[in-house]
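Chain and residue survey
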Amino acid sequence: MQRFSATAGQLNSDFSRGQPTHMARFIFITGGVVSSLGKGLASAALGALLQARGYSVRLRKLDPYLNVDPGTMSPFEHGEVFVTDDGAETDLDLGHYERFTGVAARKTDSVSSGRIYSNVLEKERRGDYLGKTIQVIPHVTNEIKDFISIGEDEVDFMLCEIGGTVGDIEGLPFFEAIRQFANDKPRGDCLFMHLTLLPYIKASGELKTKPTQHSVKELRSIGLAPDILVCRSEGPIPAKEREKLALFCNVRADSVIAAQDLKSIYEAPLAYHREGLDQAVLDAFGITPAPKPKLKRWEDVADGIYNPEGEVKVAIVGKYTQLEDAYKSIAEALTHGGMANRVKVRIEWVDAELFDKEDAAPYLQGYNAILVPGGFGERGTEGKIKAAQYAREQGLPYLGICLGMQMAVIEAARNVAGITEAGSEEFDHEAGKKRFEPVVYHLKEWVQGNHTVARTVGDDKGGTMRLGAYNATLTEGSAVARIYGTTQIEERHRHRYEVDTKYRDQLEKCGLQFSGMSPDGRLPEIVEWKDHPWFIGVQFHPELKSKPFDPHPLFKDFVRAAKDASRLV
Ligand code: GLN
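Presented here is a report on the structure given in the accompanying data block.

What counts, and at which threshold
Residues numbered from 1 in each chain as written. Predicted model: local features only at pLDDT ≥ 70, side-chain atom pairs only at ≥ 80, totals over all residues. Heavy atoms only, no water. Helix = DSSP H or I, 4+ residues; strand = E, 2+ residues; numbered from the N terminus. Rg over C-alpha atoms; globule rule 2.2 N^0.38 Å. Buried < 20%, exposed > 50% of the residue type's maximum accessible area, 1.4 Å probe, protein only. Contact = heavy atoms within 4.5 Å. Areas by Shrake-Rupley, 256 points an atom, 1.4 Å probe, with all protein chains shown as cover. Lys, Arg positive; Asp, Glu negative; His and termini not counted. Charge placed at Lys NZ, Arg CZ, Asp CG, Glu CD. Axes fitted to C-alpha atoms, helices over the stretch in contact; angles between N-to-C directions. Left-handed = near helix turned anticlockwise from the far one by under 90°. Nonpolar A, V, L, I, M, F, W, Y, C, P; charged D, E, K, R; others polar. Near = heavy atom within 4 Å. Polar contact = N/O pair within 3.5 Å; in protein donor to acceptor, adjacent residues only side chain to side chain. Pairing = 2+ DSSP bridges. Phe/Tyr/Trp six-rings, centres within 6.5 Å; stacked < 30°, edge-to-face > 60°. Salt bridge = Lys/Arg side-chain N within 4 Å of Asp/Glu carboxyl O.

With that settled, consider the overall build of the protein chain. For the protein chain, the count of helices and strands is 19 helices and 25 strands. The C-alpha radius of gyration computed for the protein chain amounts to 25 Å, which stays within 12% of the reference 25 Å derived for 569 residues, consistent with globular compactness. If you line up the protein chain on its principal axes, its C-alpha atoms span 75 × 60 × 50 Å. Looking at the protein chain as a whole, 56% of its 569 residues qualify as buried. Restricting to contacts in the protein chain with at least 6 residues of sequence separation, those with at least 24 account for 71%. Approximately 24,100 Å² of the protein chain is accessible, and the part contributed by carbon and sulfur atoms is 48%. Of the side-chain charges in the protein chain, 70 are positive and 81 negative, and the distance between the mean point of each set is 3 Å.

Structure, rendered in structure tokens:
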């Protein structure tokens, strides 16, 4: 029975199970010792390497926390919320998965304990369990296993990352579910990869293997034996430690993979390949001879990132500036834009609240471009409005994303169109302000495909925004039509408020062009200042679709404009 032939891409002819299509092989990625070791990145890089060997992949994240999804979690707590085309609000690791594999994530690629339990309880209320006592095993674990196997006939490899670290109480049902899952599958169809830390003790000059040994012991106590150990360490792992790890953790020596700190995350696929990760995975599955990898894409990416010919400085004027993960995809998309222009993009985080009440100029001088990202709530918005004004008046490239577009419109209304009381219902409502012009209003109804979606102010906060991919039509001859090279685009959204077309004529007369609209012409998607070198506000999140090997056109051109601006200084 040879389901995986030497050459990838012939898998569909496999009838070994009497099924017309092949089933995926599963790779489960767990973490131990400490969190934040880069499990998501390791998973994404492995996905990219398997693609480089010619296989199709899908990556999934299973998160043990009890929120139903990260949509309502503060970016301070959890980092950015990554939105999929089909409108799911997911973990930022799904952003890594997309950036490394180019495979668009779906709703069914992210799940939390909260979602699992909520499904189970819903079924219980419906009477689906026919009066049985509902228990973690088998009801919760079955729900998890059902989730893991969604679309298993679509790809060669399904990579499932379990959030958190082994030993966490919330994680147990997930670990138990993957143990059962591997048992339900034919032998050799599932592989376990465990990511740990090898701390370096300076005084003795040693890399310590004991925490990893304990972590593996913990895994084995719940019935899981890792096939591959990925060990984060500051330097290379000497042969002695490697052998020790292999012996005590019961893995093969060539399955102990070093993951050293890298200057750029985009070197990860090449670095893991040099360490033999993809080879170890294919060996563990018994796939011989392994198809040769094609790594040109990643060599080009590494070349772009490590050999810039200049630098531009971009200010991101936001609220969550202490935690860079809150704007993860934006930072990455700027990096991609830099690679396309052969410059390093130096990002500086500027807290908008600093100049809510004072002059913005001293805080914004010296940058080659300004980006105002998405956000929620009133705090810092006056500062963002001033940042838009500064960019408009100084002729500095400005990219406003979602809230950043809304702020640019309020700025235009107040300072150019003479609508001095212009505001957004998002803030003025909350503040109970009496008299204001709602240039940005609460969106109550919109069209999705061929049906209308309706919302009221009192709706639940979770999952009720305008979410996911929507089309927009761009005006011929506009800057954005030139940048995209087309007038039909599709971008991802996540917002509750919207610019009111009531003010369109008044604003356009002043030069703020509504150059992108929803196909029915009702929702402004893009605005741009006509007589400005580069000033664009978008209601959607272009950063979510940018890839290092395929930078998003808006970010590419924004960095180009910043580069031009840097030459002028
Ligand atoms: N708070 C704004 C809205 O809901 C902007 C959202 C965002 O920036 N993602 O419309």
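Across the interface, helix H4 (residues 113–126) lies against helix H5 (residues 136–148) with an axial gap of 9 Å and an inter-helix angle of 115 degrees. Judged by the twist between their axes, the crossing of H4 over H5 is right-handed. On H5, the residues touching Ile-116, Tyr-117, Asn-119, Val-120 and Lys-123 of H4 are Val-136, His-139, Val-140, Glu-143 and Ile-144. Across the contact of H4 with H5, the residue classes tally to 6 nonpolar, 2 polar and 2 charged.

Contacts to the ligand come from Gly-374, Gly-375, Phe-376, Cys-402, Leu-403, Gln-406, Glu-426, Arg-494, His-495, Arg-496, Tyr-497 and His-541. One nitrogen or oxygen atom from the main chain of Leu-403 is found 3.1 Å from an oxygen atom belonging to the ligand. Within the contact set of the ligand, an oxygen atom lies 3.1 Å away from a side-chain nitrogen or oxygen of Gln-406. For the ligand, whose unbound accessible area comes to 290 Å², protein coverage reaches 99%. Counting only elements with at least two residues in the shell around the ligand, the list comes to helix H15 (403–415) and strand E21 (488–495). Residues that form the shell around the ligand fall into these classes: 4 nonpolar, 5 polar and 3 charged.

Spatially, 3 strands are ordered E16-E17-E22 in an open sheet, and the strand pairing comes out mixed. Edge strands, defined here as strands with exactly one partner in the open sheet, are strand E16 (422–424) and strand E22 (497–499). Within the sheet, the average angular offset between the axes of one strand and its neighbour, ignoring direction, is 30 degrees. Note: E16 against strand E17 (residues 437–442), 3 bridges, orientation parallel. From the neighbouring strand, Ser-424 faces E17, where its bridge partner is Val-440. On top of the sheet, H15 reaches E16, E17 and E22; it is set at about 160 degrees to E16, its chief contact.

Another aspect to go through is the packing of aromatic side chains. Taken as a whole, this structure holds 13 aromatic pairs when the rule is applied. Pairing Tyr-55 with Phe-157 gives two aromatic rings, centres 5.1 Å apart and planes at 85 degrees, and the pair type is edge-to-face. Within this pair, whereas Tyr-55 is found in the loop between helix H1 (39–52) and strand E2 (57–63), its partner Phe-157 is found in strand E6 (residues 157–162), the two being separated by 102 residues in sequence. Neither Tyr-55 nor Phe-157 differs from the other in exposure class; each is buried. Residues Phe-355 and Tyr-363 carry aromatic rings whose centres are separated by 5.2 Å and whose planes lie at 35 degrees to one another, so their mutual orientation is tilted. Given a relative accessible area of 0%, Phe-355 falls into the buried group.

Let us look at the side chain of Ser-43. Relative to the helices and strands, Ser-43 resides in helix H1. Classification of Ser-43 as buried rests on a relative accessible area of 1%. With residues near it in sequence (within four places) discarded, Ser-43 still touches Ile-29, Leu-59, Tyr-97, Leu-159 and Glu-161.

The next subject is the pattern of salt bridges. A full pass over the atoms with the stated rule returns 36 salt bridges. Of the charged contacts in the structure, one is a salt bridge between Arg-242 and Glu-275, with a shortest N-O distance of 3.8 Å. Highlighted residues: Arg-242 in helix H8 (residues 239–249) and Glu-275 in helix H9 (residues 268–275), separated in sequence by 33 residues. Classification of Glu-275 as partly exposed rests on a relative accessible area of 26%. The salt bridge partner of Glu-353 is Arg-379, with a shortest N-O separation of 3.2 Å. With Glu-353 in the loop between strand E13 (344–351) and helix H13 (361–364) and Arg-379 in the loop between strand E14 (369–372) and helix H14 (381–394), the pair connects residues that are 26 residues apart, well separated along the chain. A residue is classified by how much of its surface remains accessible, and Glu-353, at 32% relative accessible area, is partly exposed.

Read from one edge of the open sheet, 7 strands run E5-E2-E6-E1-E7-E10-E11, paired in parallel fashion. Of all the strands in the sheet, the pair left with one neighbour each is strand E5 (110–112) and strand E11 (256–260). Across the sheet, the mean angle from the axis of one strand to that of its neighbour is 20 degrees, orientation sign disregarded. Across 6 bridges, the pairing between E2 and E6 is parallel. When the sheet's bridge partners are listed, Leu-62 is paired in E6 with Ile-162. H4 rests against E2 and E5 of the sheet, and its axis sits at about 75 degrees to E5. Where H5 meets the sheet, it contacts strand E1 (25–31), E2, E5 and E6, and its direction lies at approximately 155 degrees from that of E2.

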